[in-house]
Amino acid sequence: MSRTRRGLLTGARSAFAERGLKKTTMQHVAAAAGVAKATLYNHFRTKDDVAQALVAFELDRLAALAAELPLTVAVPALAEEVGAHPVLRRLAETEPETLVQMMGLDSERWGDVVLTLASALRISRPEAELVCRWLLGLVLQPGTAPERAAQAAVVTGQLVG
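Scoring rules and cut-offs
- Residues numbered from 1 in each chain as written.
- Predicted model: local features only at pLDDT ≥ 70, side-chain atom pairs only at ≥ 80, totals over all residues.
- Heavy atoms only, no water.
- Helix = DSSP H or I, 4+ residues; strand = E, 2+ residues; numbered from the N terminus.
- Rg over C-alpha atoms; globule rule 2.2 N^0.38 Å.
- Buried < 20%, exposed > 50% of the residue type's maximum accessible area, 1.4 Å probe, protein only.
- Contact = heavy atoms within 4.5 Å.
- Areas by Shrake-Rupley, 256 points an atom, 1.4 Å probe, with all protein chains shown as cover.
- Lys, Arg positive; Asp, Glu negative; His and termini not counted.
- Charge placed at Lys NZ, Arg CZ, Asp CG, Glu CD.
- UniProt positions renumbered as here; feature names shortened; annotations may be inferred.
- 1 Å grid on protein atoms, 1.4 Å probe; cavity = no way out; pocket = protein on both sides within 12 Å on 5 of 7 lines; lining within 4 Å.
- Points joined across faces, edges and corners; volume = space filled by probe spheres on them.
- Nonpolar A, V, L, I, M, F, W, Y, C, P; charged D, E, K, R; others polar.

The name that an unreviewed UniProt entry assigns to the protein chain is Transcriptional regulator, TetR family, with the source organism given as Modestobacter italicus.

Below is the structure:
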């Protein structure tokens, strides 16, 4: 991924976390990324395109994070990343219907996410399916950091036990 595109998505993350998806404009994203609006439009046609690219970027980022860590550290780290993610928290508070719509994946995309997580965590597909479903639950009901840590310990215990 180019440095410019990465910067645009980082700006989008910041803008969406601050304003939510509905209230964020392409100008807000460009400003948060520190570029002219024309630069943003060179990479993305619509705000929905930006949002979809951000979801893919974040999934790739989380998979890379998980792949670098031992399972007993990766699962709690993923739980905290998902539970405290600034865009997810903003959408859960102000646009829950948008959040639910964004998290709805068709079966092919869901399968891709599961396989990516299985590979990153070095676990079986059924185990990855379980972890994915738990993480998806954290998107909608994150609980507190201590609750996420306790749940991660249970999940990890099931995976290594």
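Okay, back to it.
**Describing the overall build of the protein chain**
Each helix and strand counted, the protein chain has ten helices and zero strands in total. The order of α-helices and β-strands along the protein chain, N terminus first, is α-α-α-α-α-α-α-α-α-α. Over its C-alpha trace the protein chain gives a radius of gyration of 16 Å, about what one expects of a compact globule, namely 15 Å for 161 residues. Considering only C-alpha atoms, the protein chain reaches an extent of 55 × 30 × 25 Å along its principal axes. Here the protein chain holds 161 residues, and the buried ones make up 40% of them. Summarising the internal contacts of the protein chain: among those between residues at least 6 apart in sequence, 60% fall at separations of at least 24. Taken as a whole, the protein chain presents about 8,600 Å² of accessible surface, with 56% of it coming from carbon and sulfur. Seen as two clouds, the 18 positive and the 17 negative side-chain charges of the protein chain have centres 6 Å apart.

**Here we look at the UniProt feature "DNA-binding region" (unreviewed entry) in the protein chain**
The feature "DNA-binding region" (unreviewed entry), as given by UniProt, occupies residues 25-44 in the numbering adopted here. Structurally, residues 25-44 comprises 75% helix and 0% strand, and the distance from its first C-alpha atom to its last is 13 Å.

**Considerations on the layout of surface pockets**
Estimates place the volume of the largest pocket at around 630 Å³. In this structure, the largest pocket is lined by 31 residues; those nearest its centre are V55, L59, L62, V82 and M103. Considering each element in turn, the lining of the largest pocket owes the most residues, ten residues, to helix α4 (residues 47-68). Its residues assigned to classes, the lining of the largest pocket shows 24 nonpolar, two polar and five charged. Approximately 340 Å³ is the volume attributed to the second largest pocket. If you trace the second largest pocket, you find 14 residues lining it, with D48, A51, Q52, Q101 and M102 closest to the centre. At the level of secondary structure, the elements contributing two or more residues to the lining of the second largest pocket comprise α4 and α7 (96-103). The dominant element in the lining of the second largest pocket, judged by the number of residues it contributes, is α4, at five residues.

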